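Listed below are the residues making up each chain.
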Amino acid sequence: MNEKIAKIGIVTASDRASRGEYEDLSGQAIIDTINSYLNSPWEPIYRCIEDDQKTIEDTLKDLVDDENCCLVVTTGGTGPALRDVTPEATEAVCDRMMPGFGELMRSVSLKFVPTAILSRQTAGLRGSSLIVNLPGKPKSIKECLDAVFPAIPYCIDLMEGPFLVCNEEVIKAFRPKK
C-alpha cells in the first residue's frame, strides 16, 4: 500500500519567539505530541511568526493553499491581550468554523485553571484542511490536543485527506463503525 505522507502545519504566533528572544517550546510541544499520536507518516511544516493578523492569515493560507497541509495547528495569540489575534486570523481565512473544538478545549482546560475562560481557541475549515488554534503553554497544548485529537482523523477523512493512523496505546481516533 502506498501511504500518502500527511503534511501538518505547525504555527507559533509569538512576537518574542519569532525575534529569537526565547526558544519556541510550544511549537515543539505540538510536534512532539503529534509524533506520539501518529503511526502513519507525516511531515511537520513549521513556522514561527509574529503576532500580527495579516502575517498569521498569510501563513495559514500558505500552509493550506501552497503547502497542502491537511491539518494546521497553531499556538499562541488566543488570549485577551491586544496582540492576541490568532482566532480573528483563523476566522478570516476559513470557509466554515468548527466551534465545538474551542468549546471542548475550554471545558477541558477549566479542570486545570480557572482562567481558561479567557481563552479564545477555535477551529475552522479552509478548503479541505482543518485549522485548530491551541493555547500557548506546552502543558495546555497537550491537554487540549488530548481532548480534540480523537476527532481530527475522522474530520480529515470526511474532507478526503490522508488517512491518519493513531498509536492506540497513546490516543484512539474515533471513526464510526462501517
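Just above, that's the structure.
What counts, and at which threshold
Residues numbered from 1 in each chain as written. Predicted model: local features only at pLDDT ≥ 70, side-chain atom pairs only at ≥ 80, totals over all residues. Heavy atoms only, no water. Helix = DSSP H or I, 4+ residues; strand = E, 2+ residues; numbered from the N terminus. Buried < 20%, exposed > 50% of the residue type's maximum accessible area, 1.4 Å probe, protein only. Core = buried A, V, L, I, M, F, W, Y, C linked by side-chain atoms within 4.5 Å. Contact = heavy atoms within 4.5 Å.

Chemist: Is there a simple way to think about unusual backbone geometry in this case?
Modeler: One non-glycine residue with positive phi stands out, namely N68, at about 60°. In this fold, N68 is placed in the loop between α3 (53–66) and β3 (71–75). In this structure N68 comes out as exposed when scored by relative accessible area, which is 55%. Not every positive phi belongs to a glycine, and E160 is a case in point at roughly 60°.

Chemist: How should I be thinking about the environment of V64 in this particular structure?
Modeler: By secondary structure assignment, the location of V64 is in helix α3. Judged by its relative accessible area of 8%, V64 is buried. Sequence spacing of V64 and I131 is 67 residues, and the spatial spacing of their C-alpha atoms is 8.9 Å.

Chemist: Which parts of the structure should I look at to understand the nonpolar core?
Modeler: The nonpolar side chains of a soluble globular protein tend to be buried with one another. In terms of nonpolar packing, the biggest core is built from 33 residues, with L38, L71, L130, V132, L134, F149 and I152 touching the most fellow members. When contributions to this core are tallied by element, the ones reaching two or more residues are β1 (6–13), α2 (25–37), β3, α5 (99–109), β5 (123–126), β6 (129–134), α6 (138–148) and α7 (152–158). With five residues, α2 is the single largest residue contributor to this core. Once you skip the residues sitting within four places of it in the chain, I152 turns out to touch L71, F101, L130 and V132. Ranked by size, the runner-up nonpolar core spans 15 residues in total, among them L63, V64, C69 and A89.

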